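The chain contents come next:
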Amino acid sequence: MLPRAHRLVKDKDIERLFAKGRRVSCSFCGVRVLPNKLAETRVAVIAPGKLSGQAVIRNRAKRRAREALRPLLPLLKSGHDMALVLFPASLTVPLPEMTRTLRSLFEKTRLL
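Report on the accompanying structure. Here the residue numbering is sequential within each chain, running from 1 through the sequence in written order. Given that this is a predicted model, residues contribute local features only at a pLDDT of at least 70 and side-chain atom pairs are listed and counted only at 80 or more, while totals for whole chains, interfaces and linings are drawn from all residues. With hydrogens and water stripped out, all remaining heavy atoms of the structure feed into the side-chain values.

1. Structural notes on the environment of K20
Strands here are runs of E lasting at least two residues and helices are runs of H or I lasting at least four, both read from the DSSP assignment and numbered beginning at the N terminus. Structurally, K20 is set in helix α1 (residues 11-20). With relative accessibility at 63%, the residue K20 sits in the exposed group. Under the scheme applied here, a residue whose accessible area is under 20% of the maximum for its type counts as buried, over 50% as exposed, and between as partly exposed, the area being computed with a 1.4 Å probe on protein chains only.

Written out as structure tokens, the structure reads:
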């Protein structure tokens, strides 16, 4: 679980992020980024039903994505909202590779 200050949970904020945010993607996830006026960067990890019909598998994928994100969180620039939308390939990607790929995505979006 991410620290409370770094969680993006309100539907209104997530809808604004999807409406106005910038999108970057890789083979296993898509990232939406939008600046906010807060002191911290907030993250939502989203595993849609298309990922799997079973909640157990979707929850496992979200836990793995949060774990890959955890070492990068202190390095991210503050003041952004971010949504990580997982694709089916996220179920098979090894955790170190997931972390490396997220790092390169964040560099592409200028968050690192």
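2. Structural notes on the pattern of salt bridges
We define a salt bridge as a side-chain nitrogen of Lys or Arg found within 4 Å of a carboxyl oxygen belonging to Asp or Glu. Inspection of every chain in the model, using the stated rule, returns five salt bridges. We note a salt bridge from D81 to R42, for which the minimum N-O separation is 2.9 Å. Linking D81 in strand β4 (residues 80-86) with R42 in strand β3 (residues 42-46), this pair joins segments that are 39 residues apart in sequence. The pair D81 / R42 is uniform in exposure class, with both members buried.

3. Examining the nonpolar core
Within the largest apolar cluster, 27 residues are counted, with the highest numbers of intra-cluster contacts made by C29, V31, M82, L86, L102 and F106. Looking at this core, the elements with two or more residues in it are β2 (29-35), β3, α2 (55-69), β4 and α3 (95-108). Note on definitions: a residue-residue contact is assigned when non-hydrogen atoms from the two residues lie within 4.5 Å. Leaving out residues up to four positions away in the same chain, L86 has contacts with F28, C29, V45, I46, A47, P48, L51, A61, K62 and A65. L8, I14, L34 and A44 belong to the second-largest nonpolar core, a separate cluster that totals six residues. In these notes, a set of buried Ala, Val, Leu, Ile, Met, Phe, Trp, Tyr and Cys residues joined through side-chain atoms within 4.5 Å is what counts as a nonpolar core.

4. Things to note about α3
Here α3 is 14 residues long and its end C-alpha atoms lie 20 Å apart, about the 20 Å a rise of 1.5 Å per residue gives. Residues of α3 that are buried: M98, T99, T101, L102, L105 and F106. Looking straight down α3, one finds its buried side chains confined to an arc of 165 degrees; they lie on one side. When the buried face of α3 is taken as reference, the exposed residues oriented beyond 90 degrees from it are P96, R100 and K108. Tucked into the core, α3 has its buried residues touching β1 (22-25), β2, α2 and β4. Directly after α3, the chain includes R110, whose backbone phi takes a positive value near 60 degrees. Multiplying one less than the number of residues by 1.5 Å gives the expected span of a helix. This arc is taken over the directions from the axis of the helix to the C-beta atoms.

5. Things to note about the packing of α2 against α3
Every axis corresponds to a line fitted to the C-alpha atoms, with the helix fit spanning only the stretch in contact, and the corresponding angles, defined between N-to-C directions, vary from 0 to 180 degrees. Their axes nearest at 8 Å, the elements α2 and α3 cross at an angle of 60 degrees. By the angle between their directions, the pair α2 and α3 is classed as oblique. The handedness of the crossing between α2 and α3 is right-handed. On the side of α2, the interface is formed by R64, A65, E67, A68 and L69, while α3 contributes L95, M98, T99, L102 and F106. Gly falls in the polar group here, along with every residue not listed as nonpolar (Ala, Val, Leu, Ile, Met, Phe, Trp, Tyr, Cys, Pro) or charged (Asp, Glu, Lys, Arg). Across the contact of α2 with α3, the residue classes tally to seven nonpolar, one polar and two charged. In this scheme, roughly parallel covers angles under 35 degrees and roughly antiparallel covers those over 145, while 65 to 115 is roughly perpendicular and the rest are oblique. By definition, any crossing whose near helix is turned counterclockwise from its far helix by less than a right angle is left-handed, and any crossing with a clockwise turn is right-handed.

6. Examining the environment of A61
With respect to the secondary-structure elements, A61 resides in helix α2. The class for A61 is buried, based on a relative accessible area of 3%. Distance from A61 to L112, taken between C-alpha atoms, is 24 Å for residues 51 residues apart in sequence.

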